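Chain residues, written in single-letter form:
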Amino acid sequence: MFSLVDFLTSFLWRKALMAATGFTWMAFVFTHMLGNLMVFAGPQTYNRYSYLLIHNPMLPVAELLLCVFVILHATTGIILWHLNFRAKPKKYAVSAKGSKASPVAARTMIFSGAFVAAFLVFHLATFKYGQNTIVVYDGQPMRDLYLLVSTAFKSNAYVAWYLIALALIGVHLSHGFASAFQSLGVNHPRYTPVIQFLGIAYAVVVSCGFMALPIYFKFFL
Ligand code: HEM
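Owing to the predicted nature of the structure, the values given are computational and were not obtained by experimental measurement.

## A closer look at the overall build of the protein
Inference 1: The helix and strand tally for the protein stands at nine helices and two strands.
Inference 2: Overall, the protein shows an N-to-C arrangement of helices and strands of α-α-α-α-α-α-β-β-α-α-α.
Inference 3: In the protein, buried positions account for 32% of the 221 residues.
Inference 4: By sequence separation, contacts in the protein at least 24 residues apart represent 71% of the contacts at least 6 residues apart.

In structure tokens, the structure reads:
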């Protein structure tokens, strides 16, 4: 019988699973970044937007899916890396010029991925499960997430940590984007450079969009 282990270790399914879970997270990260840009519309807009999101009845389903997907993505990534590591004693291919054939971002995906996981734990502890101050607009009490985010980004340590973390997340996303297309079989001399460019563009937009928050609260407010 085809077990879960067979499924996770079968080459094609494993690649497809990595790509599908990665794309879902990329879509979430992009919309999360757009939502966070609401801070520029002021505290009330940001808090009202967060309130609507938190009280959306579909939120628990989305959270469960994100949770399952990140676990599947990480587990499959570790299996893939382990098999690759065992298959190649020399570890990396070397080009005719003597340089390593795959770019640094590709060779360090396992480490940047582990970093993203550690960032997520810290991030959720800070914001999702952080201080719960209540603000009232038109008689409606809601969580003052604007206060939480703006206070966190007054701290030099938080700003430095977020700027470094967001740059590293950008590296993971940029290579992950191109790699997911390759995993789904889209590998053509004509389209691959376009996909790689789109991956870099996506990662730059996402990282810079998020970076705008610590920079704004620290230096402009
Ligand atoms: C400046 C950067 C960021 C800010 C200000 C920010 C802000 C927030 C806030 C305020 C929450 C809590 C929302 C709630 O209580 O439901 C949250 C949740 C979350 N953030 Fe971020 N975020 C940032 C970057 C990121 C990045 C880069 C990722 C992913 C790599 C991420 C992933 C998440 C996740 C998974 C949640 C939980 C969502 C949920 O359970 O509803 N965030 N973020």
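More follows now that the structure is in view.
## Concerning the site of the ligand
Inference 1: Contacts to the ligand come from 24 residues, most closely from His32, Glu63, His123, Lys128 and Phe210.
Inference 2: The contact in question runs from a nitrogen atom of the ligand to an N or O atom on the side chain of His32, over 2.8 Å.
Inference 3: At 3.3 Å from an oxygen atom of the ligand is found a side-chain nitrogen or oxygen belonging to Lys128.
Inference 4: Of all the secondary structure elements, the ones that give two or more residues to the shell around the ligand are helix H2 (11-36), helix H3 (43-54), helix H4 (59-87), helix H6 (109-128), helix H7 (145-152), helix H8 (156-183) and helix H9 (192-220).
Inference 5: Residue composition of the shell around the ligand, grouped by class: 18 nonpolar, three polar and three charged.

## Examining the nonpolar core
Inference 1: Core analysis: the largest hydrophobic core is formed by 34 residues, its most contacted members being Val29, Phe127, Val149, Phe153, Leu173, Tyr202 and Phe217.
Inference 2: Elements supplying a minimum of two residues to this core: H2, H6, H7, H8 and H9.
Inference 3: If one sorts the elements of this core by residue count, H9 sits on top with nine residues.
Inference 4: Those residues within four positions of Leu173 in sequence are excluded, and the remaining contacts are Met26, Val29, Tyr202, Ala203 and Val206.

## As for the coordination of the iron atom of the ligand
Inference 1: The coordination sphere of the iron atom of the ligand, as far as protein atoms go, consists of His32 (NE2) and His123 (NE2), spread over 1.9 to 2.1 Å.
Inference 2: Viewed at the metal, the six donor atoms of the iron atom of the ligand are separated by angles of 87 to 179 degrees, and the geometry they form is octahedral. Pair noted here: His32 is in helix H2 and His123 is in helix H6, with a separation of 91 residues, a long-range link.
Inference 3: Assessed through its relative accessible area of 15%, His123 is described here as buried.

## Some points on the packing of aromatic side chains
Inference 1: Applying the stated rule across the entire model yields 20 aromatic pairs.
Inference 2: Here the aromatic rings of Phe119 and Tyr162 are separated by 5.4 Å at their centres, their planes lie at 70 degrees, and the arrangement is edge-to-face. Of this pair, Phe119 sits in helix H6 while Tyr162 sits in helix H8, and the two are 43 residues apart along the sequence.
Inference 3: When the centroid spacing of 5.3 Å and the interplanar angle of 55 degrees are considered together, the rings of Phe177 and Phe181 count as tilted. Taken as a pair, Phe177 and Phe181 lie in helix H8 at a separation of four residues, close to a single helical turn.
Inference 4: Phe177 gets classed as buried once you look at its relative accessible area, which sits at 13%.
Inference 5: Chaining the aromatic ring pairs together yields one cluster made of Phe115, Phe119, Phe122, Phe127, Phe153, Tyr158, Trp161 and Tyr162.

## Considerations on the side chain of Asn47
Inference 1: Assignment of secondary structure puts Asn47 in helix H3.
Inference 2: Only 2.9 Å separates the side chain of Asn47 from the side chain of Asp144, close enough to count as a polar contact.
Inference 3: When near neighbours in sequence (up to four residues on either side) are disregarded, Asn47 contacts Val135, Tyr137, Met142, Arg143, Asp144, Leu145 and Tyr146.

## Quick word on the environment of Trp81
Inference 1: By secondary structure assignment, the location of Trp81 is in helix H4.
Inference 2: Owing to a relative accessible area of 35%, Trp81 belongs among the partly exposed residues under this scheme.
Inference 3: A C-alpha to C-alpha distance of 7.1 Å links Trp81 and Ile110, two positions 29 residues apart in sequence.

## Topic: H6
Inference 1: With 20 residues, H6 ought to run about 28 Å at 1.5 Å a step, and its terminal C-alpha atoms sit 26 Å apart, in line with that.
Inference 2: Among all positions of H6, only Met109, Ser112, Val116, Phe119, Leu120, His123, Thr126 and Phe127 are buried. Buried residues of H6, seen end-on, are gathered within an arc of 140 degrees and therefore sit on one face of the element. Exposed residues pointing more than 90 degrees away from the buried face of H6 are listed as Phe111 and Val121.
Inference 3: Residues of H6 that are buried sit in contact with H2, H4, helix H5 (104-107), strand S2 (140-143), H7 and H8.

Each value, and the rule that gives it
- Residues numbered from 1 in each chain as written.
- Predicted model: local features only at pLDDT ≥ 70, side-chain atom pairs only at ≥ 80, totals over all residues.
- Heavy atoms only, no water.
- Helix = DSSP H or I, 4+ residues; strand = E, 2+ residues; numbered from the N terminus.
- Buried < 20%, exposed > 50% of the residue type's maximum accessible area, 1.4 Å probe, protein only.
- Contact = heavy atoms within 4.5 Å.
- Near = heavy atom within 4 Å.
- Polar contact = N/O pair within 3.5 Å; in protein donor to acceptor, adjacent residues only side chain to side chain.
- Nonpolar A, V, L, I, M, F, W, Y, C, P; charged D, E, K, R; others polar.
- Core = buried A, V, L, I, M, F, W, Y, C linked by side-chain atoms within 4.5 Å.
- Donors = N, O, S within 2.8 Å, 3.2 Å for Na, K, Ca; no water.
- Tetrahedral: all angles 85-135°; square planar, octahedral: opposite > 155°, others 65-115°.
- Phe/Tyr/Trp six-rings, centres within 6.5 Å; stacked < 30°, edge-to-face > 60°.
- Expected span 1.5 Å × (residues − 1).
- Arc of directions from axis to C-beta.

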